[in-house]
Each structure stands twice: as structure tokens, then as C-alpha cells.
Amino acid sequence: MREMGLRLDVFLLALTILWAPALSDLVLSKVDRRIDLTSQIARITSTLKVENAGSGLVSEVLLAFPESQAKHLAHLTATPNEGKGKVKGSGISYPVQLVHAKDMPPSLTFYSVSLPKGLGKGDSFTFDVLAVFTHALKPFPEKITQADIQLLVFQDSAHYLSPYAVKVQSLSVKLPDARIESYTRIENTKNIGSEIKYGPYENLPPYSYSPIVVHFESNQPFAVAEELVREIEISHWGNIQVTEHYKLVHGGAQSKGEFSRLDYQARPHVRGASAIRRLVAKLPPRAHSVYYRDEIGNVSTSNLWSDFKKTELEIEPRYPMFGGWRTAFTIGYGLPLHEFLFESDGKRFINISFGCPINEVVIDTLIVKVVLPEGSRDISVSAPFPLKQSQEKKFSHLDLVGRPVVALEKTNVVPEHNQKFQVYYKFNSLAMLWEPLMLIFGIFFLFVTGIVYMHVDMSISKSSASYLAKLQWDEVQAAIQQIRNIITRCLVIHDKVEASLRDLSRTGDIQACKAARKAADGLLKELSKEMKPLLAFLQSSQQAAHLLPKVEELVVKVKDLEERLMVKHSTIVDCYEKKYGGREIENRVASQVQKITALRQEVDDLLEFIDEI
């Protein structure tokens, strides 16, 4: 029934275009179409050889799309044809724009491709057209159980729909698998493995349309971001912070029936073949401070690989996502400013990618917010495709008038939109001094207030018991604060040890890593000596009796954290000396990493408790 409905739609379309006038000046002497259905995004590449059969000069070619396709068209480009088997490297594309042609069928949408030079009588020109469609593959059946495979339906025309006559044309449909339920069979149709070929067909009149329907198996996950908000915050102090908020849904066949975790874990590729198990985000090469969290909190089921060419973040949702299931999560990372911010003609501009870093995700609504430094002015945007623009304000620490925010919105976004765009603005470098000056004056007035307070004697009697108790309590607080400062310095040294391991993975310099470890050992020993008299004082003071257990617990936890960190450092250095692989190293230190993370959280909780005293 579903296939009959699709055939009825295309039949009505054919009836509406039969009366359309032909554009006789141009003839398509050869059309070669290739439809790629190996993912949830349908990509149709057409190689067109155009000939001018008229006497006038022709400077544009019209492309026609039926309404059922046009509403799903996400990306359309026309590029030079480099020849069969050659890789395109010129990066040149011809202008393409939507046109409203007169006396044309209302059920068709037309786009105009401007040719690099006009075609005279008898001249020919060959170029490629890439059309990318979202939501063009329909699940059939629309609902499946956990054990069922996912079947999809795709419809198109075996004949190239064009307002021009076509001399020779062929079509190939590439599927993800050779298992095909059914497909429309007409003249010159053959199936070779996972590819269906139609044609060649010769001497087709304008607006030829031969509907075809392909029903095939595809267990590719349909990751659809109903909304993605990317916030790119620029700091002239050397960093760009990128935060991405995802609202994700599995857009494939809806899941029906109960979900069995046991069956899924036993045979995940059978009892959940089309489920979304993991996503891979390709970040810029020097991305740092990467995190992944959802509404509950930080998600530890993620892996990060980084080298000088790329940074890949592999994330796993808290549960496998079946058709219709949803999740929301956030990815954040930092980027070095100097690699993305430049100057030109007295203006600064950021040059950064627009789209989504996760592979093969369809985005229904993408909002990119570029947060500029406070004081930015004369703001403009340059993008390779149309965008909806607006401006907002964002207030952060030490802001007075707020930071200007450029909000860019686009619907129906595909990986082909992951191109560079630029935001230009003017900024006075002296404005960078405003926040440091505010801090300096704030600290100055704080010290003045403290000095005045310390010189004002508000006590009734310096010999009273309450006054003496207050002095003793002040000494206890001072000792605890010194211990806290020492522990903070220890944690900073721990971070430097962790940083040396990251540098080791990036550079492979084992000696530098060992030198960093040796320096850290010396500093930690000195801090341990500084802490001993402070602990002895607290143990001898009655005022500190109720706080001493927590302080001693904190010291023990920090010491345990230090020992486990050094064990991790020694293990990784030893693995590098033995030239083990990255996966082997991760397995060897996995237990230590978990214990270090837990201990660091316990230390932070104890520090927070002491701060509240």
C-alpha cells in the first residue's frame, strides 16, 4: 500500500508537467547520475554535458526538482567536472540560486546555475551538480521491534527530470547492503551487488519522468539533532571556548515493544542493529579541556585521541538509542586563539567552522552564537551560504555593558555545511586593560578596608575570656588556611605532572617527562615539611579539636592521591620506554585513573567543607 501511494504521487507529478514548455536552446547531450543511499543523507551527484543548440548566447542552466524533493533539499552545488576517477582539487563552484521561472509547472522548483562563460552556438560545457537531501529516506515499516532489521524506502525517477531534452542518460543507485527487498524494474535495469543501474536511455524529451521506488535494508543509525546550539566565546587573553548543546533523536524506524538490556548486551549487532551506540566528534587538532556531560552530570564513557592533525572524541550515550528515543548532552572544549583569530584592513576576524563536528548528523535547527569581547563594534559576517542573523548581549564576569553576541541560524544542516565562516569586528586593544584595572582597584580598596578594620579596636576588654578565645580561634583559622594553601600548591604540582604526561603523548619526549616528575618530587617534599608544624599546632589546640579529624583526613587523601598519581606516571613512562601502543597504555592505567578521579573528588569535597568553616 505504501509503495502504491508513492507511485500515485509521482504519477500526479508527471501529469502536472506534461504541458510544460521546453527550453529549446539547450540540450543535455549526456547525463550521468549517481545516488548514494549508504547513510541517512541522500546524495545525488549528476554530471551534465550541456550543448547550445540555438543561435543565441546562453549563460545559465536550469535545474528542476519536484516539490517532494525540493522541501528536503539541504545543499546544492555546481562544480567543474574534473573527469572520471579524478579528485576535485580546484575548490571552484558556480553560483546557484533559486529562480521563479515563468510558464513553468508549479509543482517543480527551479535553480539556476551561472556558467563561467556564455555558450555560443554549438558550444558544450560539462559540470557536476551535487544535491544533498535530508529526511528523504522513509522507514517502512515505520515501527520495528528490537530484533527487527530496519527497512527504508526511497523514490526518484529513472529519467533525469529537466526542462531540456536529454540525448543519453544513465542512473546508478548505491545502497548500503546487497540485501534489497524490492525495486522498480523497467527497461535496461540491472542489479549488481549493492548497486542498481538504470539505463542508458536515449533521446528523452523535456520533463521525462519515470518513477522508481527502492525498498532496501539499512541499519545505519539516523542521528538527528532537532536543535544544536554552538556557543563560540572569544577571549583576547589567548583562548576560544566552544560549547555545544545537543538535543538528539534517533530518526529511523520507531521502536516498539519492550527493550531487553540482556539481549542487547549478548548480541548488540543483532538485537539492536540500527541503534545509536556511539558518536564520533572530529575536533580541531589542538582542542584542549574537552568535556562531555548530560543533564545528570559528567559522562565517563568517552574516549579522546589527539595528534597534530586531528582530535577525535568518541562518546557513548548513557543508553543505546533506538528509533524515536531522545537524549540531550553538552560537549565543550577550548581552542588556541592565534589559530583562528586574524587581522585584515584594521579589523579582527575569527575564521572557524560553522557546522557540526559529529559525523553524518542531520541538524534540523543549528544556532551558532559568536560571543565577542566587550567593546567590540562594527560587526559583520561573511558566510558561504545564506544565514538568518541577529545580535544579542551576554554578561559575564566584570562586564559593564555586556558582550556582543552574533547569532547565526540555519535549518536543514548537513556535513557539507561544515565550512569556514568569518565574523569581522573592530576592537581597541586598550579595552583589554579595563578588567585588570577593575581587579587592581578592587583589591586595593579591599586592603584599605582591611587595614582600617584591623586598626579599629571594637573589643570591650583585651583581658576577657571571650577575647582570648577569639585570639586562639583566629590562630587556628590561620593555621588551617596555611594548610589549605599548601594543599592547593600540591594539587597544582599534581596538575603539572598530569600535563607532563599529556606532553609525553603529544611529543614522545620521555626525558622531559622524567625531569618534570623529578622536579615535582622535590617540591612536594618541601611542602610536606612546611605542613608538619602546622598539624602539630592543631593537634595541641583545644579550639581545633572538632576540626582536626577533617583536616587529618584531607592530608591523608592528598597523600594517597599523590602516591597513585606517581604510580600512574611511572607506568605510562615505562610503557613509552617499552613502546607500547595507546590502547595498551590506557588498559594498564585504567584502574589508577578511576581511583585518582575519585580521590580528587573527595579532596575537593573536603576543601569545600573547610572553606565553609
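Counting restarts for each chain, with residues numbered from 1 along the sequence as it is written. Local features in this predicted model are restricted to residues of pLDDT 70 or higher, and side-chain atom pairs are both shown and tallied only at a pLDDT of 80 or more, whereas totals for entire chains, interfaces and linings draw on every residue. Heavy atoms from the whole structure form the basis of all side-chain values; hydrogens and water molecules are not counted.

(A) Representation of the domain arrangement of the protein. Residue ranges labeled as domains rest on an automatic or database domain assignment. For the protein, the assigned domains read domain 1 (21–82 + 93–191), domain 2 (223–256 + 275–428) and domain 3 (468–612). The C-alpha-based centres of domain 2 and domain 3 are spaced at 34 Å.

(B) Spotlight on the pattern of salt bridges. Throughout this description, the term salt bridge denotes a Lys or Arg side-chain nitrogen within 4 Å of a carboxyl oxygen of Asp or Glu. Counting across every chain of the model gives 33 salt bridges. Here Glu-244 ties to Arg-230 by a salt bridge, and the two come within 3.0 Å at their closest N and O atoms. Placement of the pair is Glu-244 in strand 17 (residues 239–250) and Arg-230 in strand 16 (residues 223–235), with a sequence separation of 14 residues. Here Glu-244 falls in the buried class, since its relative accessible area comes to 0%. Whether a residue is buried, partly exposed or exposed follows from its accessible area with a 1.4 Å probe, protein chains only, as a fraction of its type maximum: under 20%, in between, or over 50%, in that order. Looking at Arg-230, the relative accessible area reads 4%, which means it is buried. Put simply, Glu-233 and Lys-394 hold a salt bridge, and the shortest N to O gap is 3.2 Å. Linking Glu-233 in strand 16 with Lys-394 in strand 28 (residues 388–394), this pair joins segments that are 161 residues apart in sequence. With a relative accessible area of 17%, Glu-233 lands in the buried category. For Lys-394, a relative accessible area of 23% puts it in the partly exposed group. The way it works is that DSSP assigns letters per residue, a run of H or I at least four long becomes a helix, a run of E at least two long becomes a strand, and they are numbered from the N terminus.

(C) Quick peek at the nonpolar core. Nonpolar cores are built from buried Ala, Val, Leu, Ile, Met, Phe, Trp, Tyr and Cys residues. Side-chain atoms within 4.5 Å join them into one set. The biggest cluster of nonpolar side chains holds 55 residues, and the ones touching the most others in it are Leu-37, Phe-65, Phe-127 and Phe-216. Working rule for contacts: check all heavy atoms of both residues, and any pair within 4.5 Å makes them a contact. Beyond its immediate chain neighbours, meaning those up to four positions away, Phe-65 contacts Ala-70, Leu-73, Leu-76, Ser-107, Leu-108, Thr-109, Tyr-111, Ala-131 and Phe-133. Ranked by size, the runner-up nonpolar core spans 46 residues in total, among them Tyr-246, Tyr-292, Phe-340 and Val-413.

(D) Quick look at the packing of helix 6 (residues 510–540) against helix 7 (residues 548–577). Close contact between helix 6 and helix 7 brings their axes to 12 Å; oriented N to C, the two are set at 170°. In terms of axis orientation, helix 6 runs roughly antiparallel to helix 7. When you trace helix 6 past helix 7, the crossing you get is left-handed. Taken together, the residues of helix 7 that come into contact with helix 6 (itself represented by Ile-510, Cys-513, Lys-514, Arg-517, Asp-521, Leu-524, Met-531, Leu-535, Leu-538 and Gln-539) are Leu-548, Val-551, Glu-552, Val-555, Glu-562, Met-566, His-569, Ser-570, Val-573, Tyr-576 and Glu-577. Taken together, the residues of the contact of helix 6 with helix 7 sort by class into 12 nonpolar, 3 polar and 6 charged. For helices, the fitted line uses only the C-alpha atoms of the stretch in contact; every axis is such a line through C-alpha atoms, and the angle between N-to-C directions lies from 0 to 180 degrees. Roughly parallel refers to an angle under 35 degrees, roughly antiparallel to one over 145, roughly perpendicular to one between 65 and 115, and oblique to any angle outside these ranges. Crossing handedness is read from the near helix: turned anticlockwise from the far helix by less than a right angle, it gives a left-handed crossing, and turned clockwise, a right-handed one. Each residue receives one of three labels: charged for Asp, Glu, Lys and Arg, nonpolar for Ala, Val, Leu, Ile, Met, Phe, Trp, Tyr, Cys and Pro, and polar for the others, Gly being one of them.

(E) Quick look at the sheet that holds strand 6 (residues 108–119). An order of 3-6-5 is seen for the 3 strands of this open sheet, with the pairing classed as antiparallel. The sheet is open, and its two borders are formed by strand 3 (58–66) and strand 5 (96–99), each paired with just one other strand. Across the sheet, the mean angle from the axis of one strand to that of its neighbour is 35°, orientation sign disregarded. If DSSP finds at least two bridges between two strands, the strands pair.

(F) Spotlight on the pairing of strand 22 (residues 311–315). Most of strand 22 sits inside the fold, with 4 of its 5 residues counted as buried. Bridge analysis of strand 19 (residues 279–283) against strand 22 gives 5 bridges, and the strand direction is antiparallel. Directly across from Lys-282, in strand 22, lies its bridge partner Glu-312. Between strand 21 (residues 302–306) and strand 22, which pair antiparallel and follow one another directly, the connecting turn spans 4 residues.

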